[in-house]
Amino acid sequence: MARHMWTKEENIFFCRRCVEEYIIKKNSTKVSDFISAIEKEMNYTIEKGSLKMKAQNVKYFLVANKIENTLEISPLSNCSTDNIEAMEKVLKELNISYSAL
């Protein structure tokens, strides 16, 4: 199957859900359960593998910017510019401060 090309809206949605779950609520939801829920919310339009990598990109952003979180997944450093912009937009909208690199 062809690699999914994330839209701006998909990036923002995913980042917002991660921030709500793992920064604001500080839940300890297993990543596999979170991804299954997101997959359903996104009407199964994106494969679980792509969702997992997106969660790893989010984790990388959080670690790199020293943002406290409960997301238990190994970081993946190849974040797209769109992913970074989506995280910055969501954090700004939710009034979560951080030290941008």
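In what follows, the structure referred to is the one given above.
Residues numbered from 1 in each chain as written. Predicted model: local features only at pLDDT ≥ 70, side-chain atom pairs only at ≥ 80, totals over all residues. Heavy atoms only, no water.

(A) View of helix α2 (residues 31-41). For α2, the set of buried residues is V31, F34, I35, I38 and E39. Summarising the axial view, the buried residues of α2 lie within an arc of 135 degrees, below the 170-degree limit, and thus occupy one face. Looking at the buried residues of α2, the elements they touch are α1 (8-24) and α3 (48-64). Just past α2, the residue N43 takes up positive phi, approximately 55 degrees. (Buried < 20%, exposed > 50% of the residue type's maximum accessible area, 1.4 Å probe, protein only. Helix = DSSP H or I, 4+ residues; strand = E, 2+ residues; numbered from the N terminus. Arc of directions from axis to C-beta. Contact = heavy atoms within 4.5 Å.)

(B) Broad picture of helix α4 (residues 81-93). Between its first and last C-alpha, α4 extends 18 Å over 13 residues, near the 18 Å set by a 1.5 Å rise per residue. After α4 finishes, the residue N95 shows a positive phi value of roughly 55 degrees. (Expected span 1.5 Å × (residues − 1).)

(C) Representation of the packing of α1 against α2 within the structure. Interhelical geometry of α1 versus α2 gives an angle of 140 degrees and a closest axis separation of 12 Å. Classified by the interaxial angle, the pair formed by α1 and α2 is oblique. Of the two elements, α1 crosses α2, and the hand of that crossing is right-handed. Between α1 and α2, the contacting residues are F13, F14, R17, C18, E21 and Y22 on the first element and V31, F34, I38 and E41 on the second. (Axes fitted to C-alpha atoms, helices over the stretch in contact; angles between N-to-C directions. Parallel < 35°, antiparallel > 145°, perpendicular 65-115°, else oblique. Left-handed = near helix turned anticlockwise from the far one by under 90°.)

(D) Here's a closer look at the pattern of salt bridges. Scanning the entire structure with this criterion turns up four salt bridges. A salt bridge links R16 to E93, with the shortest nitrogen-to-oxygen separation between them at 2.3 Å. Residue R16 is found in helix α1, and its partner E93 is found in helix α4; the two are separated by 77 residues along the sequence. Judged by its relative accessible area of 24%, R16 falls in the partly exposed class. On the basis of relative accessibility, which here comes to 42%, the residue E93 falls in the partly exposed class. The salt bridge involving R17 is made with E41; its shortest N-O contact spans 2.8 Å. With R17 in helix α1 and E41 in helix α2, the pair connects residues that are 24 residues apart, well separated along the chain. Each of R16, K89 and E93 takes part in a single network of salt bridges with overlapping partners. (Salt bridge = Lys/Arg side-chain N within 4 Å of Asp/Glu carboxyl O.)

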